[in-house]
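Here is what each chain is made of, one letter per residue.
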Amino acid sequence: MKKLFTVDDLMIAGIAALGYGLGYGVPKLLGWPDWQCIVICFVAGNVLQLLGDTVIFSRAIQKKPAYRYLAFAVLICIVLAAQYAAMSWLGLSMLEALLEQYAYVIVAPILGFAFTMIVRWRRIRKVRRAYGDGSRGFVFDEALKNADLDEVNRQNRPILGAYDTDCAVKTKTGIYVGVKEKNVIYFSGIPYAKPPVGERRWKAPEPLPESEAVFEANYLGASAIQVEHEGSILKHHRQSEDCLTLNICTGSNKTKRKKPVIVLFHHGDFTYGGSADPLMYGTGFIRTYPDVVGVSFNYRLGIFGFIDFSDIPGGEAYPDALNLGLLDQIAALKWIRENIAAFGGDPDQITVMGFESGAVSISLLAACEQAKGLFRKAFVFFGSPKAAYETADTSRFLAKRLLQETSATNMEELRQLSTEQLKEASQKLWKEMSAPTCDGTLIPADVFAAFQKGAASGIEFIIGIPSNETQVFKSFVGDKKFGEALKDYWDIMSQKITGLLHDFDASYVPDAKTLTAYIKEQAATRPELEVKSQLYEIGYALSMFLCGKRLAEGGNTVYLLYWDEKPLIENLGSGTVDVAVAFLGNSEGAQMYGNVLNSDISELLKRFLFKFLTGDAMRFYNNEIKGVGAFDWKAFPQALVVSDDKIRCGRVEEQMTEAERLLRFIGKN
């Protein structure tokens, strides 16, 4: 990681010292007023520091150590010659002048570093005060204490009069007027499909008609109707079936060159979440890299987005209900591809980035024929196609349970129910687990096999594997719900885990009895729920690794990421939250979710993400980021391992020690 000082930094400090010293000393000797001497001192020092930065940290100089040493030697000679000439002319001691000048230049960064550490300590203290030991999971009482929720929940309106043309963008479906803040412009709550309400409830999304009407784009659209878990922040945000909207953030600078686009798919287990979640704010990334266009969006969730009515009277009229959420995502990507150029984005350079259910969605869309060509790159963290249902049985059962819960007997009666009635039912049916289905029509029946055959050809991937995501999931839904879900669905989970173990190590013959024996042995020293939770973690890690492997076998370029950072608060875990805020530079989101952003790690990961978006090589030359040596993120089977403030390359198999321990146990039995 970054060091406080490097040889390069000291060289730049010497150049700056010369500028500061001569910039002040010469005017002072000539009798100029102090304020003029200080101004010239500041200007001269900064100009020479910029010059030194440009030379020393240039790609050409940093490419080889020999070039750096030669540049150092040349600059040292120039510095010493200039210093000697100036000091001789002024009649001063060169040694005393150098010591004084270096003291100012070196002490200042040390004081700055100390100040940064104090600020970080205060932030950590604030987070710990709000969260305690984290046993309550994610809570937002402190974060929302001073929030104006009425302002947050305002809705965009049509504009009939004059508007700010500098913040207006004309799309095929209307003219939208955003809000400019500093160096970025936000466009919020833009509809990408007709509202799926009334006759369109449980129907595939319909495209909007072309329009030249003018609308505000100041406020986020409503979140999808969803289950309100203990750790979900969006229970404070307005919800509606009319939720198919997206948000766009772009640098205010005008360029002729089209900008790469990053589209964020939110997390939430397909039952909760949305683009209004502060965790999904990519403003920090766009401020750092204003030549990128950021997009986030909502899609239908739970019983509104993933349910099969084929066994319900009248259900034949709703053939798409099984995977409506995925169809919404495809509709959003199509709108983005058709309109993003108006916002300065490049429709041929779209990257999708998802977490948890958002990552599952992306992995499914990568094999979906209807989504072909809608994105070129994909960042998938903790989301494998194995999380989708293999058959529609579970979704059909969910539909029957919905009828029982609402006392409806057919589709017409279901359609007549109010949004509030359906939301209340969905809250009670959470454990029925809404999720996409590999139906063999929209999504291949076996996505891994499709990947091996090249179904995702032309897409470059980052596949992210966490080491402690179950704690994060528990922090969202609460310990009670997590325990109930693990208990009720353990048989299904254990079958998937044994199958994944076989795929990981072909010598293992799937057998649920050996898994049961392992649980019994481990439960002698710790709670059974904890053992099953860890096995769930192992299964998901194996699934993500195998996803990357199958893609690589199909010819895709795959970069693995293994996230093993220790959480600031143990009970909150470290995974989706930490990765999202680190790659997006989202310090506000980090604090709301019980963490404090590590700016060094974030700077490095943001740069990697930018390289991924732009198609640059996934490597750093020496001091490309000051204080960081040359670094190469190699493709599969190597992985970027982030752990305990260290970043290195290694093999993922070396990290999955618990999976190896399980396999050894199975081998002995």
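Our subject is the structure listed above.
What you see as residue numbers is a count from 1 along each chain, following the sequence as written. A pLDDT threshold of at least 70 governs which residues receive local features in this predicted model, and a stricter bar of 80 or more applies before side-chain atom pairs are shown or counted, although totals over entire chains, interfaces and linings include all residues. As a rule here, side-chain values come from all non-hydrogen atoms in the structure, and water together with hydrogens is ignored.

Novice: Tell me about the packing of aromatic side chains, and name the residues and values.
Specialist: Any pair of Phe, Tyr and Trp rings, taking the six-membered ring for Trp, is counted once the centres come within 6.5 Å. Such a pair is stacked with planes under 30 degrees apart, edge-to-face with planes over 60 apart, and tilted for the rest. The tally for this structure, following the rule as stated, stands at 29 aromatic pairs. Chaining the aromatic ring pairs together yields one cluster made of F138, F140, Y272, F476 and Y593. Comment: the charge-over-ring label is applied if NZ (Lys) or CZ (Arg) is within 6 Å of the ring centre and within 35 degrees of the ring normal. Looking at K377, its charged tip hangs above the ring of F612, at a distance of 5.2 Å from the centre. Its end group placed over the ring of W430, K481 keeps NZ or CZ at 5.5 Å from the ring centre.

Novice: Break down the environment of P196 for me, with residues and values.
Specialist: Turning to its location among the elements, P196 is positioned in the loop between β4 (184-191) and β5 (214-216). Burial here depends on accessible area, computed with a 1.4 Å probe over protein chains only, as a share of the maximum for the residue type. Under 20% is buried, over 50% is exposed, and the range in between is partly exposed. Judged by its relative accessible area of 3%, P196 is buried. For the pair formed by P196 and D242, sequence separation is 46 residues and the distance between their alpha carbons is 6.0 Å. Dropping the residues within four chain positions of it, P196 is found in contact with R201, E241, D242, L244 and R300. Put simply, DSSP marks the helices as runs of H or I at least four residues long and the strands as runs of E at least two long, and each gets a number from the N terminus on. By definition, residues are in contact when any of their heavy atoms lie within 4.5 Å.

Novice: Residue-level account of the sheet that holds β4, with values.
Specialist: A pair of strands is treated as paired once DSSP finds two or more bridges between them. Strand order across the open sheet formed by 11 strands is β3-β4-β6-β8-β7-β9-β10-β11-β12-β15-β16, with mixed pairing between neighbours. Of all strands in the sheet, those with a lone pairing partner are β3 (179-181) and β16 (646-651), marking the two edges. If you compare each strand with its neighbour and ignore which way they point, the axes differ by 20 degrees on average. Summarising the sheet, strand β7 (residues 259-265) and strand β9 (residues 345-355) pair through 6 bridges and their orientation is parallel. Each bridged residue has a counterpart across the sheet, and for F265 the counterpart in β9 is G354. On top of the sheet, helix α9 (residues 324-339) reaches β4, β6 (245-251), β7, β8 (293-297) and β9; it is set at about 150 degrees to β9, its chief contact. Every angle, taken between N-to-C directions, lies between 0 and 180 degrees, and every axis is a line fitted to C-alpha atoms, over only the stretch in contact when it is a helix.

Novice: Any details on empty space enclosed by the protein? Residues and values, ideally.
Specialist: Detection works on a 1 Å grid of protein atoms alone, calling trapped sets that fit a 1.4 Å probe cavities and calling open sets with protein on both sides within 12 Å along at least five of seven lines pockets, with lining residues defined by an atom within 4 Å of a point. Grid points are joined across faces, edges and corners, and a volume is the space filled by probe spheres set on the points. Counted under the stated rule, the structure contains 3 cavities of 30 Å³ or more. Taken as a whole, the largest cavity encloses approximately 80 Å³ of empty space. Forming the boundary of the largest cavity are 13 residues, of which V227, G302, I303, S426 and S434 lie nearest the centre. By residue number, the principal contributor to the lining of the largest cavity is helix α8 (residues 302-305), which donates 3 residues. For this scheme, ten residues count as nonpolar: Ala, Val, Leu, Ile, Met, Phe, Trp, Tyr, Cys and Pro. Four count as charged, namely Asp, Glu, Lys and Arg, and the remainder, Gly too, count as polar. Taken together, the residues of the lining of the largest cavity sort by class into 8 nonpolar, 5 polar and no charged.

Novice: How would you sum up the packing of helix α11 (residues 393-406) against helix α13 (residues 419-428)? Please name residues and give values.
Specialist: Between α11 and α13, the shortest axis-to-axis distance is 10 Å and the interhelical angle comes to 120 degrees. Here α11 lies oblique to α13, going by the angle between them. At the point where α11 passes α13, the crossing takes the right-handed sense. Packed against α11, whose contacting residues are L402, E405 and T406, the element α13 presents L422, A425 and K428 at the interface. For classification, angles of less than 35 degrees are called roughly parallel, those exceeding 145 degrees roughly antiparallel, those between 65 and 115 degrees roughly perpendicular, and all remaining angles oblique. Should the near helix be turned anticlockwise from the far one by less than a right angle, the crossing is left-handed, and should it be turned clockwise, the crossing is right-handed.

Novice: How would you summarise the sheet that holds strand β2 (residues 174-177) if you had to cite specific residues and measurements?
Specialist: Strand order across the open sheet formed by 3 strands is β1-β2-β5, with mixed pairing between neighbours. Both outer strands of the open sheet, β1 (168-171) and β5, are each paired with one neighbouring strand and no more. The mean angle between the axes of side-by-side strands here comes to 25 degrees, regardless of whether they run parallel or antiparallel. The pairing of β1 with β2 spans 4 bridges and is antiparallel. Its bridge partner being in β2, V169 is matched across the sheet by Y176.

Novice: Any details on a positive patch on the surface? Residues and values, ideally.
Specialist: Residues enter a patch when their relative accessible area is above 30% and they make no salt bridge; the linking distance is 9 Å between like charges and 5 Å between nonpolar side chains (Val, Leu, Ile, Met, Phe, Trp, Tyr). For accessible areas, the Shrake-Rupley method is used with a probe of radius 1.4 Å. Any residue's cover is judged against the shown protein chains and nothing else. Salt bridge criterion: a side-chain nitrogen from Lys or Arg within 4 Å of a carboxyl oxygen from Asp or Glu. Counted as positive: Lys and Arg. Counted as negative: Asp and Glu, with His and the chain ends omitted from the count. To locate a charge, take atom NZ for lysine, CZ for arginine, CG for aspartate or CD for glutamate. Taken together, the side chains of R122, R125, K126 and R129 make up a positively charged region of the molecular surface. Mapped onto the elements, R129 comes out in helix α5 (residues 94-131).

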